[in-house]
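Residue-level structural notes
Listed here are the chains, written in short residue letters.
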Amino acid sequence: MSVLNKIVQGFTKLTAKFSGLSQEESARNAAEKIVTPGMPELLRRAAAEGAVLLKNERSLLPLQNGVTVSLFGRGQSDWFYTGYGSGGDVNKPYAVSLLEGLRNCADVCVNETLAAVYTDWCKKNPIDHGFWGHWPRYYPDMPLSDTLVREAEAVSACAIVTIGRSSGEDRENALEKGSYYLTDAEREMLSLVTKHFEKTVVLLNIGSMMDLSWVDGFDGKIGAVLLVWQGGMESGNAVADLLSGAVTPCGKLTDTVAKTYEDYPSAADFGKKDYNFYTEDIYVGYRWFESFTPDKVQYPFGFGLSYTDFSLEFLSVQVTQSAFQFTCAVKNIGVKYSGKETVQLYLEKPCGLLGNPARILAGFAKTKTLAPGEGEVLTISVPKTALSSYDDSGITGFYSAYVTEAGEYRFYLGTDVRQTKAIYTYVCTELLVTEQLSEAAAPRVPFSVIKAEERGGVRVPVKQSVHLGKTDLRRRITDNLPQGTPITGDKGYKLSDVQNGTVMLSDFTAQLSLTELEAISRGDYTMNSKLGVEGNAGAFGGVLASLRAKGIPPVITTDGPSGIRLWSCCSLIPIGTLLACTFDEALVEEVFSAIGAEMCQKETDVLLAPGINIHRNPLCGRNFEYYSEDPLLTGKIAAAAVRGLQKNGVSACPKHFACNNQEFARVQNDSRLSERALREIYLKGFEICIKESHPDTIMTSYNKINGVHGHYQYDLCTTVLRGEWKYDGLVITDWWMRAQKSPEFPNLCNNAYRVRAQVDVLMPGGKRVGKQKPDGTLLETYGKADGITLGELQRTAQNVLRYCMQSSAMKRFLQEKKNQLR
């Protein structure tokens, strides 16, 4: 550890001593280990279904019944169950390691002599989990001797090697050994094991993608590779199910695995402190590889093996005025194992004037568990709007519009982006305008982006200057300022009166004083608010006694998405990437429905989840919370998570809106990208999620998007979110925000700048340290030229109040009032 890190760690521990963190640790340790009925079985199933079988030579897996296995790597007991940071810090009631899971499995025997050696070494060499943003990227492993490995081989038929990697918030993975690359010790372990064992299985217990170029090394003696991700508290049991054949792997990659890091299109434009140019533009992940560099792919998008084989037959397509309905038949043609298959439908647009990728995921569907010989007919619906592309330059004659260019649109059906067959061609005879929009959040700084051009029937990447924005944002804002209602003072109205339809919301809001209008636009200052259950992330809504007297409830938030982050015990679910690898919307909805039920029991109202930023680069430390490099898959899985949570009456909060694709310097970094890439890639998942599942709340990002922080982004939060997408929910900040003046209205700064953008609530509401009180920036320009207006304050209040009325907090608040009257 460096001297600087030692100083930082010492300061962190000293701060913790005086900030009540020791009280938190004590409370978490003393919490009753409550297990939600049915949750273990559900999470075990989910963890297994998201695992991806990358290699299985000579059908090494599943293991033969009764086989004895030798486990190598300390990960057998020191498992990575989730990522570090707010998204994974769940006080789980238990966790099943690989060693425990295999011991629980009647079909597999563990070499207990070797396991005892590892157990003893791990006890003598405990893990240093570090501190915030300085967590270990891997756990140093036990040195192996040739003798120990040879003795293990003498009593077991198969070796299982675990390679583990952490992931975490507020820091990136690194291009170094022990993070993106194998350590020397791991290479030595694999060399010794493959030297003595004829059968070697490698388990990848990782949170985000790492270098896999070594998989086919070691003289080809690694027989099977199973990517099990970080599967939550049922990890070990799920992996045992997969190894033993109790469950057949059915996960599919949600990201392309490149041969080298340098092959990723964002490799040269990631990790900078002040800004990153998104020069790859819309060509993220497989869109790049399938268009320009197919030879640079190790494992393609959508790839995943099974223990059985399936046939896939295209049956028909029905074309309606608004959509295509594709029907296909899937059959398990194996003779031994049941399994599930994911059918993937890809679209090839004409390259056209806009320059389109060679492949775009247009839809997908997953079968039920099919027994040998059993089949199922699946239908995949694709809206005709999927044919369109966004014109941010006007090259087609329609500026700021989604257009469908004339040409042939080819559909391909298969089981990954490479294993497909052409099944249908749709011909568009003339250019069509699908949706006319307005320029929004376009770049203001010149740089170059990639565009595809077709030469000799082949798409090639060419550089062009990004189209710069020209909208007068000041005028757009001033032309749309809301009118206010004169403040009336307290009329005795309660929020329940509005809920019951006896009082207009505008009349109720007119009662609120400026002090109350300020308070309702922020949280209760701190995390672990006294207004809610211990360990909450903060409260908003009824944060003043006078607001609560008017019937406004305090709304309690909790961190996610890997479960509910409280001091009490809550279920730890698999990481987001694993869940997305299931390609199973129904399963994801079921998992989050169970978490929503836990929220009701814990009396929390908003889970800060799902995380739906795009996997732009494999080094992003928070990729484990997010789903994919593809926006369609991201949006569909996110929508399923939101539906699951909200069917319980609690609220989801998709995050981070938008372009939070890097953790390093995340509070100042500027994501500079074309408006087309912004709309087609980085906003599309949010758009799908919002339109399909209507999340009650949305969280902005820390970073800048084309020069403007997410919590000040008028164009994203008002023009696009509320205007184009018709979103009528609540927008909150990520926890704390960056101080800044408005370029359009220089007298406005911080909270006034935020409210003008229609970002409704600052969370948790106050500064990180010091006296908790309003910072004064919301009201300091009230009544002045270009200052914050009463209409804006009341608009924000009404956004909060509309949410409060339909929240679980309101139901609980009213019930508590009834109980007090008894």
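Read on for a plain summary of the structure.

Definitions and cut-offs
- Throughout, residues of each chain are indexed from 1 in the direction in which the sequence is written.
- Local features in a predicted model are, by the rule used here, given only for residues with pLDDT of at least 70; side-chain atom pairs are given and counted only at 80 or more, and totals for whole chains, interfaces and linings are based on all residues.
- Each side-chain value is derived from all of the structure's non-hydrogen atoms; neither hydrogens nor water enter the calculation.
- Only protein chains enter the accessibility calculation, which uses a 1.4 Å probe. A residue is then buried if its area is under 20% of the maximum for its type, exposed if over 50%, and partly exposed in between.
- What counts as a helix is a DSSP run of H or I of at least four residues, what counts as a strand is a run of E of at least two, and both are numbered from the N terminus.
- Paired strands, in this sense, are two strands between which DSSP finds at least two bridges.
- Two N or O atoms count as a polar contact when they lie within 3.5 Å, although within protein this holds only if one can serve as hydrogen donor and the other as acceptor, and sequence-adjacent residues are included solely when both atoms are side-chain atoms.
- Axes here refer to lines fitted to C-alpha atoms; in helices the fit is confined to the stretch in contact. Angles between the N-to-C directions go from 0 to 180 degrees.
- In what follows, residue pairs with any heavy atoms lying within 4.5 Å of each other are defined as contacts.
- Using only the protein atoms, space was sampled on a 1 Å grid; points where a 1.4 Å probe fits but cannot get out form cavities, open sets with protein on both sides within 12 Å along at least five of seven lines form pockets, and lining residues are those with an atom within 4 Å of a point.
- Grid points are joined across faces, edges and corners, and a volume is the space filled by probe spheres set on the points.
- In this classification, the charged set is Asp, Glu, Lys and Arg, the nonpolar set is Ala, Val, Leu, Ile, Met, Phe, Trp, Tyr, Cys and Pro, and all remaining amino acids, among them Gly, are polar.
- Remark: nonpolar core denotes a set of buried residues (Ala, Val, Leu, Ile, Met, Phe, Trp, Tyr, Cys) joined through side-chain atoms within 4.5 Å.
- In summary, the pairing rule links any two rings of Phe, Tyr or Trp, Trp by its six-membered ring, whose centres are within 6.5 Å, and it sorts them by plane angle into stacked for under 30 degrees, edge-to-face for over 60 and tilted for everything else.
- Throughout this description, the term charge over a ring refers to an Arg CZ or Lys NZ atom that lies within 6 Å of the ring centre and within 35 degrees of the ring normal.

1. Some words on the pairing of strand β12 (residues 342-348)
Of all seven residues making up β12, seven are buried, and the element is well covered by its neighbours. Going residue by residue along β12, you find T342, Q344, Y346 and E348 tucked away on one face and V343, L345 and L347 tucked away on the opposite face as well. For β12 and strand β13 (residues 360-366), the ladder comprises six bridges, and the chain directions are antiparallel. What sits directly across from V343, in β13, is A365. As judged from the five bridges shared by β12 and strand β17 (residues 407-414), these two strands associate in the antiparallel manner.

2. Observations concerning the side chain of Q230
Topologically, Q230 is positioned in the loop between β6 (224-227) and α8 (235-244). Among the polar contacts made by the side chain of Q230, one reaches the main-chain amide nitrogen of G83 at a distance of 3.3 Å.

3. Re the sheet that holds strand β15 (residues 389-391)
Pairing is antiparallel across the open sheet formed by three strands, whose spatial order is β15-β16-β19. The open sheet has two edge strands with one neighbour each: β15 and β19 (432-436). Within this sheet the neighbouring strands show an average axis-to-axis angle of 35 degrees, counted without direction. Bridge count for β15 against strand β16 (residues 401-404) is three bridges, and the pairing is antiparallel. Its bridge partner being in β16, Y390 is matched across the sheet by Y402. Sheet contacts for helix α18 (residues 675-682): β15 and β16; angle to β15, the most-contacted strand, approximately 160 degrees.

4. Points about the layout of surface pockets
Of the volumes computed, that of the second largest pocket is approximately 810 Å³. Forming the boundary of the second largest pocket are 31 residues, of which P383, A386, L632, K684 and I688 lie nearest the centre. For the lining of the second largest pocket, the elements supplying multiple residues, two or more each, are β13, β14 (375-383), β19, α17 (631-646), α18 and α19 (684-693). In terms of residue class, the lining of the second largest pocket is built from 15 nonpolar, five polar and 11 charged.

5. Some points on the nonpolar core
Grouped together as the largest cluster of nonpolar side chains are 208 residues, with contacts concentrated most on F72, W214 and L243. Those residues in contact with W214 that lie beyond four places of it in its chain are L182, R187, L190, V202, L204 and I222. Among the nonpolar cores identified, the runner-up in size contains 21 residues, and V330, V343, L378 and I380 belong to it.

6. Regarding the packing of aromatic side chains
Evaluated as defined, the whole model comprises 32 aromatic pairs. Residues Y278 and Y682 carry aromatic rings whose centres are separated by 5.2 Å and whose planes lie at 65 degrees to one another, so their mutual orientation is edge-to-face. A residue pair is termed long-range when its members are at least 10 positions apart, and Y278 in the loop between β8 (275-277) and α9 (286-291) and Y682 in helix α18 qualify at 404 residues. For Y278, a relative accessible area of 2% puts it in the buried group. Chaining the aromatic ring pairs together yields one cluster made of F314, F324, F326, F411, Y424 and Y426. One cation-aromatic arrangement involves R672 over Y275; the distance from NZ or CZ to the ring centre is 4.0 Å. For R756, the ring lying beneath its charged end belongs to F745, and the centroid distance is 4.5 Å.

7. Side note on unusual backbone geometry
A cis amide bond links K655 with the next residue in sequence, H656, at an omega value of 0 degrees. Mapped onto the fold, H656 is located in the loop between β25 (651-652) and β26 (670-672). Cis geometry is adopted by the peptide bond preceding A658, which originates at F657 and carries an omega value of 10 degrees. Structurally, A658 can be placed in the loop between β25 and β26. The backbone of R58 shows a phi angle near 55 degrees, a positive value even though the residue is not glycine. Examined against the element boundaries, R58 turns out to sit in the loop between β1 (52-56) and β2 (67-72). Located in the positive-phi region is D170, a residue other than glycine, with phi close to 70 degrees.

8. Description of the environment of V498
With respect to the helices and strands, V498 occurs in helix α11 (residues 495-499). Distance in space between the C-alpha atoms of V498 and L566 is 32 Å, their sequence separation being 68 residues. Those residues within four positions of V498 in sequence are excluded, and the remaining contacts are V503, M504, L505, F508 and M805.

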